Amino acid sequence: MEQKTIYCLGDSNTFGYDPRGMLGGRYPAADRWVDRLNASSRWRLVNGGQNGQQIPHTPPALDLTRRQLRACLPLDGICILLGSNDLLCGALPEQAAARMEALTGAVLPFAGRVLVLAPPPFQPGAWIEDDRLIDHSIRLAGCFQSLAAARGLAFADTGAWELPLAFDGVHFTPEAHRRFALRAAELFAQVFP
């Protein structure tokens, strides 16, 4: 079976950030969802996750993303898990979806398939004390789903995956990474056959 190369564009939950530390540390590779999928011979995932990453949408940010993708060619697909930091920095779900539209338009020429994942909704925690943020994070999935349907992109709402979040209400726990990897493996098999 030919190995598929998938670029994973994301934020700290793709990077594998461990929120228990203050210096940007990562969970061990065995706990990170990207590395767990890389353990399979089916895919070679390139981890493009960056702590604090918002959806690239300005010309300089899109140019940088294009350069990152170009360096990894050939690609069989691109998986995007972004949007949480946009909301945390004050963007509305509709604004985040407009940013995602700009991003997907820029990256589509680099791969045959693009998968847009809506991040799991925020939960009450150290970073999430405002119910409006939780509401916005729930609405984001619907905005991304509409965008994906209009552009013919693959989509999944990870809010349905029952992912436990850390004390901050934003970041994945090791258990969430394990569950995410299991669900993503099923999804990748359909989207990137």
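Moving on: the sheet that holds strand β5 (residues 154-157). Note on sheets: strands pair through backbone hydrogen bonds, and any given pair is parallel or antiparallel. What the 5 strands build is an open sheet, ordered β2-β1-β3-β4-β5; its pairing is parallel. Sheet topology places β2 (43-49) and β5 at the edges, where each strand pairs with a single neighbour. Neighbour-to-neighbour, the strand axes of the sheet open up by a mean angle of 20°, direction not taken into account. Inspection of the sheet shows strand β4 (residues 113-118) paired to β5 by 4 bridges, in the parallel sense.

Take the packing of aromatic side chains next. All told, the structure shown has 5 aromatic pairs when counted by the stated rule. Taking 5.7 Å as the distance between ring centres and 90° as the angle between the ring planes, the aromatic pair formed by W43 and F188 counts as edge-to-face. In this pair, W43 sits in strand β2 while F188 sits in helix α7 (residues 174-191), placing the two residues 145 residues apart along the sequence. Between the aromatic rings of F172 and F180, the centroid separation amounts to 5.4 Å while the plane-to-plane angle is 40°, which identifies the pairing as tilted. For the residue pair F172 and F180, the accessibility class agrees, reading buried in each case. Put simply, the rings of W33, W161, F172 and F180 pair up and form one aromatic cluster.

So, how was this worked out
Residues numbered from 1 in each chain as written. Predicted model: local features only at pLDDT ≥ 70, side-chain atom pairs only at ≥ 80, totals over all residues. Heavy atoms only, no water. Pairing = 2+ DSSP bridges. Helix = DSSP H or I, 4+ residues; strand = E, 2+ residues; numbered from the N terminus. Axes fitted to C-alpha atoms, helices over the stretch in contact; angles between N-to-C directions. Phe/Tyr/Trp six-rings, centres within 6.5 Å; stacked < 30°, edge-to-face > 60°. Buried < 20%, exposed > 50% of the residue type's maximum accessible area, 1.4 Å probe, protein only.

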